[in-house]
Amino acid sequence: MYLACCGWSCIEDCTEYPHSCAGCNELEGKAPWTREAGFNRCFFYQCCVVDKGFAHCGECDEMPCSAFDDYADPSLDEATKQQELAKRIARLRATTL
């Protein structure tokens, strides 16, 4: 499974991968959706990889930080957001073992 630094699986979670997106890590956090959202780079990639030097958020003591809620899909209900967050955390923790 190809895993972005925030715990998203490019293969399972992204409809643009691999067609119009090579993956968040390969694009250094500058995936196509970032331009559409008005960002230069994904917040998670900037914070985790660029600013803190981690490979992914699972290496950070603050995980899950408020960004996971701040940047959650607003179309999801709270229960679904929590399920998605739990899945991402599990993926990240599995990569740190």
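1. Examining a nonpolar patch on the surface
- Together, Trp-33, Phe-39, Phe-43 and Tyr-71 make up a nonpolar patch on the protein surface, roughly 360 Å² of accessible area in all.
- Tracing the backbone shows Phe-39 in the loop between helix H2 (32-36) and helix H3 (43-51).

2. A short note on the pattern of salt bridges
- Evaluation of the coordinates by the stated rule reveals four salt bridges.
- Taking the shortest distance from any N to any O, the salt bridge between Arg-91 and Glu-12 comes out at 2.9 Å. Highlighted residues: Arg-91 in helix H5 (residues 78-95) and Glu-12 in helix H1 (residues 10-13), separated in sequence by 79 residues.
- Given the relative accessible area of 53%, Glu-12 is considered exposed.

3. Here's the deal with unusual backbone geometry
- Between Tyr-17 and Pro-18 the backbone carries a cis peptide bond, its omega angle lying at 0°.
- The residue Pro-18 is located in the loop between H1 and H2 in this model.
- Between Met-63 and the following residue, Pro-64, the backbone shows a cis peptide bond with an omega angle of 0°.
- Along the chain, Pro-64 falls in the loop between H3 and helix H4 (67-70).
- Backbone geometry places Glu-28, a non-glycine residue, at a positive phi of 50°.
- If you trace the backbone, Glu-28 turns up in the loop between H1 and H2.

4. Some remarks on the nonpolar core
- Residues Ala-4, Cys-5, Phe-44, Cys-57, Met-63, Phe-68 and Leu-92 are the most contacted members of the largest nonpolar core, which totals 20 residues.
- Those elements that provide at least two residues to this core are H3, H4 and H5.

5. Notes on the packing of aromatic side chains
- In the structure shown here, the tally under the stated rule is seven aromatic pairs.
- A centroid spacing of 6.4 Å and a plane angle of 75° characterise the contact between Trp-33 and Phe-39, whose relative ring orientation is edge-to-face.
- Under the relative-accessibility criterion, Trp-33 is labelled partly exposed at 34%.
- A ring pair is formed by Phe-44 and Tyr-71, whose centres lie 6.1 Å apart and whose planes are at 70°; its orientation type is edge-to-face. Of this pair, Phe-44 sits in helix H3 while Tyr-71 sits in the loop between H4 and H5, and the two are 27 residues apart along the sequence.

6. Section: the side chain of Asp-13
- Positionally, Asp-13 belongs in helix H1.
- Among the polar contacts listed, one links the side chain of Asp-13 to the side chain of Arg-91, at a separation of 2.7 Å.
- In this view, Asp-13 contacts Trp-8, Lys-87 and Arg-91; residues no more than four positions away in its chain are not counted.

Reading the values: rules and limits
- By convention here, each chain's residues receive numbers from 1 onward along its written sequence.
- Residues qualify for local features only when their pLDDT is at least 70, as the model is predicted, and side-chain atom pairs are given and counted only at 80 or more; totals for whole chains, interfaces and linings, by contrast, use all residues.
- Just so you know, side-chain values use all the structure's heavy atoms and leave hydrogens and water out.
- Like-charged residues within 9 Å of one another, or nonpolar side chains (Val, Leu, Ile, Met, Phe, Trp, Tyr) within 5 Å, are grouped into patches, provided each residue has over 30% relative accessible area and no salt bridge.
- Under the convention used here, a 1.4 Å probe and the Shrake-Rupley method define accessible areas, while residue burial counts only the protein chains that appear.
- A pair is scored as a salt bridge if a Lys or Arg side-chain nitrogen falls within 4 Å of a carboxyl oxygen belonging to Asp or Glu.
- The numbering of helices and of strands both runs from the N terminus, where a helix is a DSSP run of H or I of at least 4 residues and a strand a run of E of at least 2.
- Exposure classes here rest on a 1.4 Å probe applied to the protein chains alone. A residue is buried below 20% of its type maximum, exposed above 50%, and partly exposed in between.
- To qualify as a nonpolar core, a set must consist of buried Ala, Val, Leu, Ile, Met, Phe, Trp, Tyr and Cys residues joined through side-chain atoms within 4.5 Å.
- Any pair of Phe, Tyr and Trp rings, taking the six-membered ring for Trp, is counted once the centres come within 6.5 Å. Such a pair is stacked with planes under 30 degrees apart, edge-to-face with planes over 60 apart, and tilted for the rest.
- For this analysis, a polar contact is any N or O atom pair within 3.5 Å, provided that within protein one partner can donate a hydrogen and the other can accept it, and provided that sequence-adjacent residues contribute only side-chain to side-chain pairs.
- Throughout, a contact is declared for two residues whenever any of their heavy atoms are within 4.5 Å.

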